[in-house]
There are 4 protein chains.
Amino acid sequence: MAGNSFGQAFRITTAGESHGPGNVVIIDGVPPGIPISVEDLLVDLNRRKPGQSKIVTQRKEADHPEILAGVFEGVTTGTSLAILIRNEDQRSKDYSDIKDKYRPGHADYTYDAKYGFRDYRGGGRSSARETNVRVAAGVVAKKILQTAFGGQIVGYVTQVGHLKAEIADPTTITTEQVEQFADGTPNPVRCPDHGLAQEMISFIDQIRKDGDSIGGVAEVVALNVPPGLGEPVFDKLKADIAKALFSIPAVLGVEYGSGFGCATMRGSENNDHFVAEQHEGTPVISTDSNRHGGSLGGISTGQPLVFRAAVKPTSSLLIEQPTVTRSGEATTIRTKGRHDPCLLPRFVPIAEAMLAITLADHWLRWRAQCEATPERPDHV
Amino acid sequence: MAGNSFGQAFRITTAGESHGPGNVVIIDGVPPGIPISVEDLLVDLNRRKPGQSKIVTQRKEADHPEILAGVFEGVTTGTSLAILIRNEDQRSKDYSDIKDKYRPGHADYTYDAKYGFRDYRGGGRSSARETNVRVAAGVVAKKILQTAFGGQIVGYVTQVGHLKAEIADPTTITTEQVEQFADGTPNPVRCPDHGLAQEMISFIDQIRKDGDSIGGVAEVVALNVPPGLGEPVFDKLKADIAKALFSIPAVLGVEYGSGFGCATMRGSENNDHFVAEQHEGTPVISTDSNRHGGSLGGISTGQPLVFRAAVKPTSSLLIEQPTVTRSGEATTIRTKGRHDPCLLPRFVPIAEAMLAITLADHWLRWRAQCEATPERPDHV
Amino acid sequence: MAGNSFGQAFRITTAGESHGPGNVVIIDGVPPGIPISVEDLLVDLNRRKPGQSKIVTQRKEADHPEILAGVFEGVTTGTSLAILIRNEDQRSKDYSDIKDKYRPGHADYTYDAKYGFRDYRGGGRSSARETNVRVAAGVVAKKILQTAFGGQIVGYVTQVGHLKAEIADPTTITTEQVEQFADGTPNPVRCPDHGLAQEMISFIDQIRKDGDSIGGVAEVVALNVPPGLGEPVFDKLKADIAKALFSIPAVLGVEYGSGFGCATMRGSENNDHFVAEQHEGTPVISTDSNRHGGSLGGISTGQPLVFRAAVKPTSSLLIEQPTVTRSGEATTIRTKGRHDPCLLPRFVPIAEAMLAITLADHWLRWRAQCEATPERPDHV
Amino acid sequence: MAGNSFGQAFRITTAGESHGPGNVVIIDGVPPGIPISVEDLLVDLNRRKPGQSKIVTQRKEADHPEILAGVFEGVTTGTSLAILIRNEDQRSKDYSDIKDKYRPGHADYTYDAKYGFRDYRGGGRSSARETNVRVAAGVVAKKILQTAFGGQIVGYVTQVGHLKAEIADPTTITTEQVEQFADGTPNPVRCPDHGLAQEMISFIDQIRKDGDSIGGVAEVVALNVPPGLGEPVFDKLKADIAKALFSIPAVLGVEYGSGFGCATMRGSENNDHFVAEQHEGTPVISTDSNRHGGSLGGISTGQPLVFRAAVKPTSSLLIEQPTVTRSGEATTIRTKGRHDPCLLPRFVPIAEAMLAITLADHWLRWRAQCEATPERPDHV
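Conventions and cut-offs
Residues numbered from 1 in each chain as written. Chains lettered and ligands numbered in written order. Predicted model: local features only at pLDDT ≥ 70, side-chain atom pairs only at ≥ 80, totals over all residues. Heavy atoms only, no water. Least-squares fit on C-alpha atoms with pLDDT ≥ 70 in both. Contact = heavy atoms within 4.5 Å. Pairing = 2+ DSSP bridges. Helix = DSSP H or I, 4+ residues; strand = E, 2+ residues; numbered from the N terminus. Axes fitted to C-alpha atoms, helices over the stretch in contact; angles between N-to-C directions. Buried area = accessible area lost by both parts, 1.4 Å probe. Salt bridge = Lys/Arg side-chain N within 4 Å of Asp/Glu carboxyl O. Polar contact = N/O pair within 3.5 Å; in protein donor to acceptor, adjacent residues only side chain to side chain. UniProt positions renumbered as here; feature names shortened; annotations may be inferred. Buried < 20%, exposed > 50% of the residue type's maximum accessible area, 1.4 Å probe, protein only. Nonpolar A, V, L, I, M, F, W, Y, C, P; charged D, E, K, R; others polar. Parallel < 35°, antiparallel > 145°, perpendicular 65-115°, else oblique. Left-handed = near helix turned anticlockwise from the far one by under 90°. Core = buried A, V, L, I, M, F, W, Y, C linked by side-chain atoms within 4.5 Å. Expected span 1.5 Å × (residues − 1).

Peer 1: Explanation requested: the relation of the copies chain D and chain A in the structure shown.
Peer 2: Two chain copies, one operation linking them: a rotation about an axis together with a shift along it. Rotating chain D by 180° and translating it 0.0 Å along the rotation axis places it on chain A, where the RMSD comes to 0.0 Å. The relationship between the two copies is best expressed as a two-fold rotation axis. Counting the interface residues of chain D, we find that 100% of their copies in chain A are interface residues as well, pointing to one common contact surface.

Structure below.
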């Protein structure tokens, strides 16, 4: 009931606070026989971790995972898998400021209103720190997608403030292009338009110096997804992916395919048309364009899944902001150091993880039902 | 697993196809003692039903509900409530066209790919016809919100094609303003800007004559929602509402508060600030603006919840469109009559219903946990 | 939350009261392509229905099902399947007796205590009348078991009062033996020991004439279940089957394998030993006895699943019983006519249905996970 | 899907193996404001832990819990609570025996059949070692019951082999009586009949010397449970409690109230009769006997809940037993040391925990629904 689980057939459940002992995830429904190591987990954890570049928070966290259960002799056993990431940057601190003051844009007030009790250290459970175990779970999910249908997830930043990349074809963007510049140096902002990426970096650096923050947009693409994932009615693929993305802190908007742009379009402009090729006597059906974003009727079409999320500017600012205390007295607050001036670079691996988890879940859900079909008609 | 349920504490499960015997919903978790009648259900069913105006589909469906269970002597019993709406417009028809041809923008192909079997009559389970029982369940949910905290849901159309209303303050829009013009005549397009509404009606009528369709945007607002609804991490209020809205056919985007507009904003511009008034010695905390859209950290703040959804133009067109058959042969298709030239007017009650269902669910989920708190500290 | 659903991958949700319009079940997760007809449903519904013999209730209910959704052209579509069974015996009645008096052994008082509101007509939601749609859903589940692994479910009565059958080998009992005597006439008590069955019939008839009722025990066996069904820890097969059986009204005990008899046994007596045969180079492993009842560690072993349930004597009696009214005044009550003098004969198809539903669910749950295993080691 | 969660409103999810790093539980739905300390957890953990007396396994495990999340400044925060218990007795061992041989009565074979992969060290996930975190979660549940309605859970052993205690009135048994003899020394067998307890201890000691094991029965009682817990139809209180008890390894039977004894009873003998007293003008309704075991129609009556579970003799024996290897070759196996000669003494706190968790879940589920009832009629 309290919302700390996601998924059905592939289900993650998490616990942990920003400044408590650590965060833990239990993954239920992992297929047996999948190789998983700490090194596998670190690939994406390092993409999310603090201090990875100048334009993200400089908080110190190694984010080193411990696999507590579910892996034996290097492969998954099929029983529940648990991963623990201890918090390290728990130095003794003066939290008196945020103990009684409600930080603008944060969940301090809403947690107090809901529970009456609150772990006020760095946001406690509301902190995005909990996303580290989601990213670890995402690595397991990505392995399932890769094993099951060669599925690949690629996320990247398309907009930071007024700087907006025009991505001609989302299906051509590679992880290499997102993570590195042509010369092999890291691309800290994760925008695949490298020219624009340089501008974004400078812009974010200026925002940081201003003690302010800036919003943006990221796009996430899933390739090689077969037609058939997603369920009718409530658990449409687009619905569950949207929930997954909106479950990430700071996301204010999600769209797929033509998105909000569809509002000004006619059906004759927005509809994609089915086309077919024959492969060894079997028709392979696709569409001649992808304004539908990879799903129709809530079910994947076999075209790339393409989603975008709008991420708000970080609420923590070095600039002084007016607010109130728990007892309602007017006051001001200024966050002391080390926030992300722009959330987007670290958002990318989190969004990828949530998309991967959603797809792994839907794939397993579908297979259960398929497996029991007595015989399918021709051509399908 | 197959996605035909929504919610946890207030949970709806549906079945039914477009041209089968009918649609049915079972609602689990309804509190006892709530008065529900067929007349109550009809209020919103009539706002969704076909044929209600010139600018919607002219299909004939009375959409008359039968309460099968869960109501005794006019009030809910607390046990599962079932509502059946029979299909009436099941006249013998020639479905050969859509039996073998994949309609662009529809789920014909994806259902075939997923299941191998498909009820091809009018889209079967993928048809938006199933939303009639959601609207019926939404009436029950609205009653719970009203009983529990005076909650009100108001939805309306803000954009049809290029015609876009500027809503200065979403909290002032009333259902009367949405449903009627000043002279008491029905407002078939459900845009509260009555001047623009007249333009929208003419525009949709022209689109209809063109045999085409047009997209748009609707906004849904929940008033009087107390602070505290929504769960940390995965079942954030924004996440579950987004899932609810994306579960409606044709929705391509959802945003709340400043939405995609946040991408170009600085934190110092986007943050709302907490303010407080004292009521009989107790601080009442609110924000001086509502760019956050009513939730922070996934939990309601007590400010109005404000969501927008982008709805694509109807995929069925009178215009001939290219497509393929099940066996992959190129062909063309032209939908014969009676589609909605614009989905938005009938989308409004469906979106309201899904928002109400999500809020009723979260309210019941929260109460379970609250109820067992031994004692809450002061001021909260 | 309100408990009207059962299962995960194969999930049934029900609504309905004893004297309301009818009962309805929605089945979510049915594989596509399975032939289902009203005639299929009637086979088991007729085994459960009132009036089928002299030793069961003479209430008049045809229990004729209507398939509302999920079946097209005779086969399941993979989308949610709904079945409605209308109540027919709703004649105008004087319910004043049970409106205010709490019937001993019934749920009148507990429903009042829980909800404050109660459909007092014949027990409302607490009546075993709701099991008719479970039996219908059980037919669908049995088809899945049959299709998937040739699974067969056979239930029968082993005890009525002091009359107790010794079943040497549960795996040899056939449905024919349970349903018919050697001469082809119906076996109304469903005990496969035909000599004892005749005694049971006479005994129940005497109990009926006394205005009293009698308890008993039924055994249910599942054959051909492959090893691997059931989940570790909480959703052990034995746990979910026990829940399924205890969810049937009047069940006071469930045991499997050596059951309560294990309390007096030593490990060296109770343990079954593994044995193996080689089939075309692959070892086929079984046990030399079946005191474990078909599952170990909560997972099926490939041996027959054998469960027993103790069913209490019907609470409704023609004999006058002391009780109290809602306001706490002492009174007496005597049920007017038409109750089952012994629940066991009609319990058999209900228990079979719940076992079938549980197995179908677990089979689908398992397949989801298996399907994604990259490669299994040898010999397994 | 993989069965590692239990409960809905109060939901536990676990991971961990017998000889892996440890076991972890995440508890979702804990009300805020409940004091929880490591010392609280240790009370019941010490009752379950190995080595507590001569008649249980001598394996060395301190079972010291670490609270990873969900408790701040000594009280629960309302967000997910995590507890980790590391395994300590992980000494390097020769597992070659059980790696390839299927131990009789254990889950070695079924795990292999299900997953193809298996953590063979000490049973891995199938070991009862995972129940240590259930007991920790049970402490949290017991606190909720105590806070909410003064609920108390008392479990005890009633039978070991042929030694069977006659408990005249289960409601009078106290934890003190179960845990200690009259002179204050520990009662290691947890049978409240102290004379019989001494016989049981000697008997178990003899069984241990024989290298064998013995079965038994435990009874668990919940006191002060108000009327109203439990849900109609599938989630009946008796059904969920039975599932909870059957989810514990080695349980072969569960019964409540008159249990299997009901089979030989007439309704006129088995029915309990309602009686009432007036307390300040309000009727307080109870029953004059408790053969129903505390629930009717699946909902608690306000009478004590009384359940019994049959527990099989430990499968691990010092005596040599025949079995087969993974490849199907006949062999023998003899467990080397340190098993429980009788599971019952350590079973008691585990059964208490599962009953407490089930009741906490149902209480929270009920409160959600109640809370929203507009107004209840009189006398209820």
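The discussion continues.
Peer 1: It is not clear to me how the sheet that holds strand β7 (residues 81–86) of chain A should be interpreted in this structure. Could you clarify?
Peer 2: Each strand in a sheet pairs with its neighbour through backbone hydrogen bonds, running either in the same direction (parallel) or in the opposite one (antiparallel). Residue and element names in this part refer to chain A. The sheet built from five strands is open, its strands ordered β1-β2-β3-β7-β4 with antiparallel pairing. Two strands close off the open sheet at either side, each with one partner strand: β1 (5–6) and β4 (65–69). Seen against the sheet, helix α1 (residues 38–48) touches β4 and β7 and runs at an angle of roughly 135° to β4.

Peer 1: Would you explain the sheet that holds strand β2 (residues 11–16) of chain C in this entry?
Peer 2: All names here are of chain C. One open sheet holds the five strands; their spatial order is β1-β2-β3-β7-β4, and the pairing between them is antiparallel. If you trace the sheet from one side to the other, it starts and ends with β1 (5–6) and β4 (65–69), each paired once. Summarising the sheet, strand β3 (residues 22–28) and strand β7 (residues 81–86) pair through six bridges and their orientation is antiparallel. Along β7, the bridge assignment pairs V25 with I83. Along the sheet, helix α1 (residues 38–48) contacts β4 and β7; its crossing angle with β4, the most-contacted strand, is approximately 135°. Relative to β3, helix α4 (residues 131–149) is tilted by about 30°, and along the sheet it contacts β2, β3 and β7.

Peer 1: Please explain the interface of chain B and chain A as it appears in this structure.
Peer 2: By a widespread convention, an interface's size corresponds to the accessible area lost as its parts come together. At the junction of the two partners, chain B supplies 121 residues and chain A supplies 121 residues. Roughly 9400 Å² of surface becomes buried between chain B and chain A when both sides are summed, with 62% attributable to carbon and sulfur atoms. Seen at the junction of chain B and chain A, the total is ten salt bridges. In this structure, D240 of chain A engages K243 of chain B in a salt bridge whose closest nitrogen and oxygen atoms are separated by 2.6 Å. Between chain B and chain A we count 46 residue pairs in polar contact (both at pLDDT 80 or more) in total.

Peer 1: Explain the UniProt feature "binding site: FMN" (unreviewed entry) in chain A here, please?
Peer 2: In the numbering adopted here, UniProt assigns the feature "binding site: FMN" (unreviewed entry) to R125, S126, S127, G297, K312, P313, T314, S315, S316 and R338 of chain A. Sequence-wise these annotated residues cover 214 residues; spatially they are dispersed, their C-alpha atoms as much as 44.1 Å apart. Inspection of the secondary structure assignment puts R125 of chain A in the loop between α3 (108–115) and α4 (131–149). Using a relative accessible area of 2% as the deciding quantity, one classes R125 of chain A as buried. Setting aside chain neighbours within four positions, we find R125 of chain A in contact with N4, T14, A15, G16, E17, N23, Y111 and E130 of chain A, P232 and V233 of chain B together with T79 and S80 of chain D. There is a polar contact of 2.9 Å between the side chain of R125 of chain A and the side chain of N4 of chain A. Setting aside anything within four residues of it in sequence, one finds S316 of chain A in contact with R103, H106, T335 and H339 of chain A. At a separation of 2.8 Å, a polar atom in the side chain of S316 of chain A contacts the side chain of H106 of chain A.

Peer 1: Is there a simple way to think about the UniProt feature "binding site: NADP(+)" (unreviewed entry) in chain A in this case?
Peer 2: Residue and element names in this part refer to chain A. Following the UniProt record, one finds the feature "binding site: NADP(+)" (unreviewed entry) at R48 and K54. In this structure R48 touches D63, A128, R129, T131, N132, V135, R346, P349 and I350, once residues within four positions along its chain are discounted. Relative to the elements of secondary structure, K54 occurs in the loop between α1 and β4.

Peer 1: Mind showing me how you'd approach the interface of chain D and chain A here?
Peer 2: With 45 residues of chain D at the interface, the matching set in chain A holds 45 residues. Applying the counting criterion to the chain D and chain A interface returns two salt bridges. A salt bridge links R86 of chain A to E66 of chain D; the nearest nitrogen and oxygen atoms lie 2.8 Å apart. Put simply, chain D and chain A have twelve residue pairs in polar contact (both at pLDDT 80 or more) between them. The dominant element in the side of chain D that touches chain A, judged by the number of residues it contributes, is strand β2 (residues 11–16) of chain D, at five residues. Along the lines of polarity and charge, the residues of the side of chain D that touches chain A split into 19 nonpolar, 16 polar and ten charged.

Peer 1: Is there a simple way to think about the packing of helix α1 (residues 38–48) of chain D against helix α4 (residues 131–149) of chain D in this case?
Peer 2: The packing of two helices is summarised by the inter-axis angle and the distance between the axes. Residues and elements named next belong to chain D. With their axes 9 Å apart at the nearest point, α1 and α4 run at an angle of 135° to one another. Considering their axes alone, α1 and α4 lie oblique with respect to each other. Read as a crossing pair, α1 and α4 show a hand that is right-handed. Taken together, the residues of α4 that come into contact with α1 (itself represented by D40, L41, D44, L45, R47 and R48) are T131, N132, V135, A136, V139, K142 and K143. Residue composition of the contact of α1 with α4, by class: five nonpolar, two polar and six charged.

Peer 1: What am I meant to see in the nonpolar core here?
Peer 2: Across soluble globular proteins, you tend to see nonpolar side chains buried next to one another. Ranked by internal contacts, the top residues of the largest apolar core, which has 370 residues, are F10 of chain A, F10 of chain B, F10 of chain C together with F10 of chain D. With residues up to four places along the chain from it excluded, the contact list for F10 of chain D reads I27, D28, G29, V30, A137, V140, A141, I144, I357, A360, D361 and L364 of chain D.

Peer 1: Explain the pattern of salt bridges here, please?
Peer 2: Think of it this way: side chains of opposite charge can pair up when their charged atoms draw near. All names here are of chain B. Under the counting rule described, the total for this entry stands at 128 salt bridges over all chains. The salt bridge involving D108 is made with R103; its shortest N-O contact spans 2.8 Å. D108 sits in the buried class, given a relative accessible area of 2%. On the accessibility criterion, R103 (9% relative accessible area) is buried. The partner of D361 in a salt bridge is R365, and the shortest N-O contact between them spans 3.9 Å. Taken together, the positions of D361 and R365, both in helix α9 (residues 344–371) and four residues apart, correspond to about one turn of that helix. Its relative accessible area of 3% is what places D361 among the buried residues. By relative accessible area, R365 is classed as buried at 2%.

Peer 1: Before we go on, may I ask you to explain the side chain of T110 of chain A in this structure?
Peer 2: Residue placement: T110 of chain A occurs in helix α3. Here T110 of chain A falls in the buried class, since its relative accessible area comes to 0%. The contacts of T110 of chain A, once residues within four sequence positions are left out, are L296, I299, S300 and T301 of chain B.

Peer 1: In this structure, what is going on with helix α4 (residues 131–149) of chain B? I would like to understand it.
Peer 2: Given 3.6 residues per helical turn, the α-helix brings residues three or four places apart onto the same face. Residue and element names in this part refer to chain B. The end-to-end C-alpha distance of α4, which contains 19 residues, comes to 26 Å, matching closely the 27 Å that a straight helix rising 1.5 Å per residue would cover. When you tally the buried positions in α4, you get 15 out of 19 residues, the bulk of the element. Just beyond α4, the residue with positive phi is G150, at close to 65°.

Peer 1: Before we go on, may I ask you to explain the relation of the copies chain B and chain A in this structure?
Peer 2: Taken as rigid bodies, chain B and chain A are interconverted by a rotation of 180° and an axial shift of 0.0 Å, the fit giving an RMSD of 0.0 Å. Of the interface residues in chain B, 99% have counterparts in chain A that sit at the interface too, so the contact is made through matching surfaces.

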